[in-house]
Amino acid sequence: MRSKKIVFFFPAFSSQEATAPLGILAVATPLLRAGYDVRIIDSTITPNFQKRVIEELSDALCLAVSLVTGPMIRETVQIARMAKQLYPEKPVVLGGWHPSLLPDQTLAAEYVDIIVKGQGEDDGRLVFNRPRALRPIRELPPKAYQLGDYDAYERVCGRRWAMYITSLACPFDCSYCTNEGVYGRKWNALEPERVVEETTDLVTRYRLSLLWIVDDNYLVDRERALEIAEGLVRRGVKFDWSIQASTNLVTRFTVDELKLLRRSGLSQIAHGAESGSPKVLHLMNKDFQKIETIYEAAEKLTQAGIRPSFNIIFGFPGEGDKERRESIQLIMNICRKYPGAEFWTNIFTPYPGSPVMKRAFELGIDAPKTLEGWADYFPRYTTLPWLKGRKHGRVQTMRDYLRLAFNRVPIAADRRHPWNRALHEMLAVPARWRLDHDVYAAPFELKLKNLANRWLPPVKSKVDAHQLSAEAVTC
């Protein structure tokens, strides 16, 4: 008799801020309803996860892995090779963003049998389906949150939290974004009543203190956002929640309306500011966002008691020293004027499926030719043809000083040694001076910080997880 057991493996991505993998919870529900036995093995919280996967596979139907481009591929390749060596007859199925964006290359790997492109909830058979229309999110089944081990995630993270999604896609067409490759920018959303019902039940049932709403752009429908907030206030269930939204959508709200969102529990809005240079924003196809709206969003959110968070991309094609300094000035201005604001910084990486990918090829980007080659295709590990050598090193040093200059409020509990925190606060002063004056030679402050991290390490989790440092700074 064919096995009804399916083993899902989730490779480590950010162990310090880990929670149940939303994509796997989504595809697990129809499997459970069809009578399958679903096992989830997350390397972040599972000691000796390789041995556990192999043991579970002994009587399973197949191995399924959900992953995105970057370091997650390394563990995926390791586990998939082991599985095919020991159980060559059991299919290895890959899904998630990376297989969806590069299906042919992913399927060409000798240890991969099947890939699922796009939404995996709607697959009735284990085959490489023909392209199909995306289903509206309201038609998809609820996620199988009951499969998450929230006690284990709390031990790693220091906080009970989960991801939740209320809408799919984003109507804008930023040139660095891969959304078009998966969702086609066709925004659709759950009804406010369903969002209120599911979120309040979720946090109550699993005693969660935070929900991270992972919508690409939560505030597309202004009235819907206000209805959800009003519903949460009426329910009276207390929990924090965070969202992502573009600054031009945030600034449509009045401060009083944002205060309503805050009363409902909204504690943070993350924005893709991306650059302090109008020239670079135009190159990113972000003419819908003006520099003024970044400041206005920070102002309104601060008045409403919501933490403003912004992402900045360095090294986008066409950015020079002048434009980079404009981004630094934006960060310094907002951080000083709005204490509590948060900036995340990245070095540009052209991902498959993004509109800018063709331009990146023309400028000399050499994309990996195999699945395993993408494991190191990540901002922390790559340089760019137009940003390398001393110039690349200088930008990385600048980013290190940004992290030192301002504190951040992570999802995970702050487990730094008290002396380490005190040293960080002391070194923040010269770090800000360096950023103001564009001076990064002889970075003794960074060496002191690294020594402190070595001699005063944070409390470590009791699992063999890979600790991947978060790339963020907060005012």
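Residues numbered from 1 in each chain as written. Predicted model: local features only at pLDDT ≥ 70, side-chain atom pairs only at ≥ 80, totals over all residues. Heavy atoms only, no water.

(A) Structural detail: the packing of helix α16 (residues 389-405) against helix α17 (residues 418-437). Contact geometry for α16 and α17: axes closest at 7 Å, N-to-C directions at 135°. The angle between α16 and α17 places the two elements in the oblique class. By crossing handedness, the relation of α16 to α17 is classed as left-handed. The residues of α17 that touch α16, namely those facing M398, Y401, L402, R403, L404 and A405, are H424, L427, A428, A431, R432, R434 and L435. Looking at the contact of α16 with α17 residue by residue, the classes come out as 9 nonpolar, 1 polar and 3 charged. (Axes fitted to C-alpha atoms, helices over the stretch in contact; angles between N-to-C directions. Helix = DSSP H or I, 4+ residues; strand = E, 2+ residues; numbered from the N terminus. Parallel < 35°, antiparallel > 145°, perpendicular 65-115°, else oblique. Left-handed = near helix turned anticlockwise from the far one by under 90°. Contact = heavy atoms within 4.5 Å. Nonpolar A, V, L, I, M, F, W, Y, C, P; charged D, E, K, R; others polar.)

(B) Molecular detail of unusual backbone geometry. Residues other than glycine seldom take positive phi values, yet A169 does so here, at roughly 75°. With respect to the helices and strands, the residue A169 is situated in the loop between β7 (167-168) and α7 (179-183). Despite not being glycine, D438 has its phi angle at roughly 60°, a positive value. Within the element layout of this structure, D438 appears in the loop between α17 and α18 (444-455).

(C) Quick peek at the packing of aromatic side chains. Evaluation of the coordinates by the stated rule reveals 8 aromatic pairs. When the centroid spacing of 4.1 Å and the interplanar angle of 15° are considered together, the rings of F172 and F288 count as stacked. Linking F172 in the loop between β7 and α7 with F288 in the loop between α12 (278-283) and α13 (291-304), this pair joins segments that are 116 residues apart in sequence. Look at F288 and you get partly exposed, because its relative accessible area is 22%. For the ring pair F348 and W386, a centre distance of 6.3 Å and an interplane angle of 35° mean the geometry is tilted. Linking F348 in the loop between β13 (342-347) and α15 (357-362) with W386 in the loop between α15 and α16, this pair joins segments that are 38 residues apart in sequence. F348 gets classed as buried once you look at its relative accessible area, which sits at 2%. Here the aromatic residues F316, F348 and W386 are joined through ring pairs into a cluster of three or more. (Phe/Tyr/Trp six-rings, centres within 6.5 Å; stacked < 30°, edge-to-face > 60°. Buried < 20%, exposed > 50% of the residue type's maximum accessible area, 1.4 Å probe, protein only.)

(D) Structural detail: the pairing of strand β9 (residues 210-213). Every second residue of β9 is oriented toward a common face, with L210 and W212 on one face and L211 and I213 on the other, all of them buried. Where strand β6 (residues 161-164) and β9 come together, 4 bridges link them in parallel fashion. Across the sheet, A162 pairs through a bridge with L211, a residue of β9. One ladder, built from 3 bridges, connects β9 with strand β10 (residues 240-244); its direction is parallel. Residue pairing for β10: L211 is matched across the bridge by W241. For the handedness criterion, the β-α-β arrangement of β9, helix α9 (residues 222-235) and β10 is classed as right-handed. (Pairing = 2+ DSSP bridges. Right-handed = clockwise from strand over helix to strand, strands pointing away.)

(E) The side chain of E342, seen in detail. Relative to the elements of secondary structure, E342 occurs in strand β13. One buried charge, E342, has no salt-bridge partner; the nearest side chain with opposite charge is R307, at 4.0 Å. Within the structure, the side chain of E342 is placed 2.9 Å from the side chain of W344, a separation counted as a polar contact. (Lys, Arg positive; Asp, Glu negative; His and termini not counted. Salt bridge = Lys/Arg side-chain N within 4 Å of Asp/Glu carboxyl O. Polar contact = N/O pair within 3.5 Å; in protein donor to acceptor, adjacent residues only side chain to side chain.)

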